[in-house]
Amino acid sequence: MFAGVCAGLGRQCDMDPVIFRITLAVLSATGGIGLIFYGFAWLFVPYDDEDENEVRKLLTGRVDGQALTAVLFALVGCGVFLTLLNNGSVLTFAVILSLLLAGAGYWSQRRGSPDPDPLAAQAVADAPPEAQAPPVPAAYPSWWRDPIVKDGTHVGGTGYLWGPRESRDRDIAAAVNISLGTDTGPQAALAQRTAPPKPRGPRWIGGWVFLLALLAGAIGTRATWQEQPLGTSLQTGLACALAVIGLGIAVSAFLGRTGAGSIFLAVITAGLLAGAAALPKNIGTEWIRTTWRPAAVADVERKYDLGTGVGTLDLTRLNPAKGQTVSTDAEVGVGQLRVIVPPDVTVKANIDVGVGDIQLPGEQKQDVDVEPGKYREVTLTPASGVKSAGTVDLDLKVGVGQVEVSRAAS
């Protein structure tokens, strides 16, 4: 009920606007699609008594509270939609409900229209064109006088078919001008008329808003770079930049200087902020190289974790007895995870890489195959001739990077 979007849809589709209001409210809560649709419909569809929509007003610098509210609707909807990208069931429900609403509106709009009659349509197509009145010359007065009627009388004028005196004088003047190569007709007079100078509009402040947003983002990111994970640090910087952009749009709304670039920049910053919120919290801001080297089976920890860098899990000192199983997990957010296992153990590994590569014993290190969503479940037995000992059960995860499993030399 904010901008009459649902009322307009109800009148266009011959449906109760309450149906659209309830459906869009549900779609706003489940995926943000309702807010996105309402915001863009508010921006691009003009009011019934106006010729320009809100987007055209934004482009011409006429910004008011309605345009800013519509942009806010769209931004909030995009943020909710991006946060629910991993929830497939909610998005599926939202898409199905949107299709059902669109189908109901189309059916309601078409149900009252009569079916076209093919015979009538063919008759209209075969009918000759209607007679049109001759064009009325607009440059000069008519060249003819009222004609003489049958009884020899006439109404007005002299009864002759020659044009009026003023038109004859103009014809003589035009002939002289053509012979001299000049043009003094109405079009030439309009061309010679000097156009009034256009009033100089207000200067745009979008460039300054962009620079201040970059500065605020850099300050916010730098202030939390050492203490916080990468995702939190980026969220802080992008939130500062988005606050500056929003303040700039609010200030320019009163000055009439907001451009489409500021709106586009706000949408991009909001999308980046939603992406930064989805980053894993274990991704740090420093590149660290660390090695975990347990001396015995009892020293093996349940889980080894590293945010960003190269983590090496050296299990060569382990000597599990035959039939004994040693289990551990290792995870690296961004970087490389290297695991070195003894030559006489059986390795059972579940390897999960979000985006990157997996290297196993026997594969060439130059053969790097980077793919998203790589998962392998492997069992590596000792080489032939090596007496088998216990089993090492590994659960290895890397968000972005590489997992490398190798055997120590016997």
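Keep in mind that what you see is a predicted model, and the values were worked out from it rather than measured. (Residues numbered from 1 in each chain as written. Predicted model: local features only at pLDDT ≥ 70, side-chain atom pairs only at ≥ 80, totals over all residues. Heavy atoms only, no water.)

Focus: the packing of aromatic side chains
Under the counting rule described, the total for this entry stands at one aromatic pair. Relative to Tyr304, the ring of Trp292 has its centre 5.3 Å away and its plane inclined at 40 degrees; by these criteria the two rings are tilted. Taken together, the positions of Trp292 in strand β1 (residues 288-292) and Tyr304 in strand β2 (residues 303-314) put the pair 12 residues apart, joining distant regions of the chain. (Phe/Tyr/Trp six-rings, centres within 6.5 Å; stacked < 30°, edge-to-face > 60°. Helix = DSSP H or I, 4+ residues; strand = E, 2+ residues; numbered from the N terminus.)

A look at the UniProt feature "transmembrane region" (unreviewed entry) in the chain
Here, the residues flagged by UniProt with the feature "transmembrane region" (unreviewed entry) are residues 18-45, 65-85, 90-108, 205-225, 237-255 and 261-279. With 86% helix and 0% strand, residues 18-45 has its two end C-alpha atoms placed 19 Å apart. In this annotation, residues 261-279 is assigned 89% helix and 0% strand; the end-to-end C-alpha distance for the span is 27 Å. (UniProt positions renumbered as here; feature names shortened; annotations may be inferred.)

So, the sheet that holds strand β6 (residues 391-407)
In spatial order, the strands read β1-β2-β3-β6-β4-β5; together these six strands make up an open sheet with mixed pairing. Of all the strands in the sheet, just β1 and β5 (371-380) have a single pairing partner and so form its edges. Here the average twist between neighbouring strands, direction ignored, is 15 degrees. As judged from the 11 bridges shared by β2 and strand β3 (residues 325-341), these two strands associate in the parallel manner. Bridging from a neighbouring strand, Thr312 pairs with Arg338 of β3. (Pairing = 2+ DSSP bridges. Axes fitted to C-alpha atoms, helices over the stretch in contact; angles between N-to-C directions.)

Points about the confidence of the model for the chain
Looking at the chain as a whole, the pLDDT averages 76, with 76% of positions reaching at least 70. Low pLDDT (under 50) marks residues 138-145, which in the prediction has 16 contacts with non-local residues, meaning those over four places away or in another chain. (pLDDT = per-residue confidence, 0-100. Contact = heavy atoms within 4.5 Å.)

What to know about the packing of helix α3 (residues 33-44) against helix α5 (residues 65-83)
Put simply, α3 and α5 touch, their axes get as near as 7 Å, and they point 155 degrees apart. Classified by the interaxial angle, the pair formed by α3 and α5 is roughly antiparallel. For the pair α3 and α5, the crossing hand works out as left-handed. For the pair formed by α3 and α5, the contact residues are Ile33, Leu35, Ile36, Tyr38, Gly39, Phe40, Trp42 and Leu43 on the first element and Gln66, Ala67, Thr69, Ala70, Val71, Phe73, Ala74, Val76, Gly77, Cys78 and Phe81 on the second. Its residues assigned to classes, the contact of α3 with α5 comprises 15 nonpolar, four polar and no charged. (Parallel < 35°, antiparallel > 145°, perpendicular 65-115°, else oblique. Left-handed = near helix turned anticlockwise from the far one by under 90°. Nonpolar A, V, L, I, M, F, W, Y, C, P; charged D, E, K, R; others polar.)

Notes on the pairing of strand β4 (residues 346-359)
Alignment of β4 against β6, held across 13 bridges, turns out to be parallel. Bridged to Ala349 within β6 is Leu394. Across nine bridges, the pairing between β4 and β5 is antiparallel. When the bridges of β5 are listed, Ile351 appears paired with Arg376.

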